[in-house]
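Chain residues, written in single-letter form:
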Amino acid sequence: MRVLAVCTGNLARSPAIERLLDAAVSHTDIVTASAGTSAREGEPIVAPMAALLRSVGARTDGFAARQLTEDVIAESDLIITASRSHRSAVVSLAPSAVRHTFTLIELARLARFVPTEAIGGDTYGERLRSLVTVAPSYRAQAGQGPSSIADPYGKPDTVYRRCFDAIFASTLDIIDAITR
């Protein structure tokens, strides 16, 4: 199961999603990556976000920002975006990705409502693929709410902390759904 996280510059939000998911499912059949709609290609994770990731044991080494392309989308089984505008950008580049593209907060909200017995599969990858398939049918129960994570780039460390906390909590909801 290949998961792609998407934000704007691929320097803070999408690397955080990628690396937090990776920390939770490393050594499984889930592979994580990230890209940006306006990536600053080759750059590392920005220092404030890298520090927050390291504080919870997530790796930050070996990262280089890359641009979102049709090919990158085509290689992905699940695309998790930081905001609705990123979701729209993904679907504009590859309309067929609409069924497996969610904002992080949206997928986490849906995951909280999907009953354990509705998620099938023997591996984490199979269970995540099942979650992606069944989650949309729980939209009525999950209701509407915020679905975007604000961009912290260039802002004070407190804004990075709020962004990180939102990403961390949402990631935990998704991991909980596939591991329970």
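Scoring rules and cut-offs
- Residues numbered from 1 in each chain as written.
- Predicted model: local features only at pLDDT ≥ 70, side-chain atom pairs only at ≥ 80, totals over all residues.
- Heavy atoms only, no water.
- Axes fitted to C-alpha atoms, helices over the stretch in contact; angles between N-to-C directions.
- Helix = DSSP H or I, 4+ residues; strand = E, 2+ residues; numbered from the N terminus.
- Parallel < 35°, antiparallel > 145°, perpendicular 65-115°, else oblique.
- Left-handed = near helix turned anticlockwise from the far one by under 90°.
- Contact = heavy atoms within 4.5 Å.
- Nonpolar A, V, L, I, M, F, W, Y, C, P; charged D, E, K, R; others polar.
- Polar contact = N/O pair within 3.5 Å; in protein donor to acceptor, adjacent residues only side chain to side chain.
- Phe/Tyr/Trp six-rings, centres within 6.5 Å; stacked < 30°, edge-to-face > 60°.
- Core = buried A, V, L, I, M, F, W, Y, C linked by side-chain atoms within 4.5 Å.
- Buried < 20%, exposed > 50% of the residue type's maximum accessible area, 1.4 Å probe, protein only.
- Disulfide = S-S within 2.5 Å.
- Pairing = 2+ DSSP bridges.
- Right-handed = clockwise from strand over helix to strand, strands pointing away.
- Patch = residues over 30% accessible without salt bridge, like charges linked within 9 Å, V, L, I, M, F, W, Y side chains within 5 Å.
- Areas by Shrake-Rupley, 256 points an atom, 1.4 Å probe, with all protein chains shown as cover.
- Salt bridge = Lys/Arg side-chain N within 4 Å of Asp/Glu carboxyl O.

## Quick look at the packing of helix 6 (residues 124–134) against helix 8 (residues 157–179)
So, point 1. Relative orientation of the contacting elements helix 6 and helix 8 amounts to 110 degrees, with a least axis distance of 9 Å. Taken together, the axis directions place helix 6 and helix 8 in an arrangement best described as roughly perpendicular. Seen along the crossing, helix 6 lies across helix 8 with a hand that is right-handed. Residue-level contacts link Tyr124, Arg127, Leu128 and Leu131 of helix 6 to Ile174, Ala177, Ile178 and Thr179 of helix 8.
So, point 2. Considered class by class, the residues forming the contact of helix 6 with helix 8 number six nonpolar, one polar and one charged.

## Structural notes on the side chain of Asn10
So, point 1. Turning to its location among the elements, Asn10 is positioned in the loop between strand 1 (2–7) and helix 1 (13–25).
So, point 2. Polar contacts involving the side chain of Asn10 include one to the side chain of Ser34, which spans 2.9 Å.
So, point 3. Within the local environment of Asn10, its side chain forms a polar contact with the backbone nitrogen of Arg66, the two atoms lying 2.8 Å apart.
So, point 4. The residues touching Asn10, leaving out its near neighbours within four places in the chain, are Pro15, Ser34, Ala35, Gly36, Ala39, Phe63, Ala64, Ala65 and Arg66.

## Description of the packing of aromatic side chains
So, point 1. Under the definition given, this model contains one aromatic pair.
So, point 2. Their ring planes at 25 degrees and their centres at 5.8 Å tell us that Phe164 and Phe168 sit as a pair that is stacked. Of this pair, Phe164 and Phe168 both sit in helix 8, separated by four residues, roughly a single helical turn.

## Focus on the nonpolar core
So, point 1. Among the nonpolar cores identified, the biggest contains 47 residues, and Met49, Leu78, Leu128 and Leu131 are the most heavily contacted of them.
So, point 2. Secondary structure elements with two or more residues in this core: strand 1, helix 1, helix 2 (47–55), strand 3 (78–81), helix 5 (104–113), helix 6 and helix 8.
So, point 3. Excluding anything up to four places from it in sequence, Met49 contacts Ala12, Ala16, Pro152, Tyr160, Cys163 and Phe164.
So, point 4. In terms of nonpolar packing, the next biggest core, distinct from the first, is built from ten residues, Val6, Ile73, Ile79 and Ala97 among them.

## Brief notes about the environment of Pro44
So, point 1. Within the fold, Pro44 resides in the loop between strand 2 (31–36) and helix 2.
So, point 2. The sequence separation of Pro44 and Asn10 amounts to 34 residues, and the corresponding C-alpha distance is 8.8 Å.
So, point 3. Among all residues touching Pro44, those that are not within four sequence positions of it are Leu11 and Phe63.

## Focus: the state of the cysteines
So, point 1. Taken as a whole and judged by the stated rule, the model has zero disulfides.
So, point 2. Looking at Cys7, it has no disulfide partner, and the nearest cysteine sulfur is the one in Cys163, 8.6 Å off.
So, point 3. Classification of Cys163 as buried rests on a relative accessible area of 4%.

## Observations regarding the pairing of strand 2
So, point 1. Across six bridges, strand 1 lies against strand 2 in parallel orientation. By the bridge assignment, Leu4 is partnered in strand 2 with Ala33.
So, point 2. Crossover connection from strand 1 via helix 1 to parallel strand 2: handedness right-handed.

## Brief notes about a nonpolar patch on the surface
So, point 1. Taken together, the side chains of Val56, Phe168 and Leu172 define a hydrophobic patch exposed on the protein surface, amounting to about 230 Å² of accessible area.
So, point 2. Under the relative-accessibility criterion, Phe168 is labelled partly exposed at 30%.

## Here's the deal with the environment of Val159
So, point 1. Tracing the backbone shows Val159 in helix 8.
So, point 2. In this structure, the C-alpha to C-alpha distance between Val159 and Pro48, residues 111 residues apart in sequence, is 9.8 Å.

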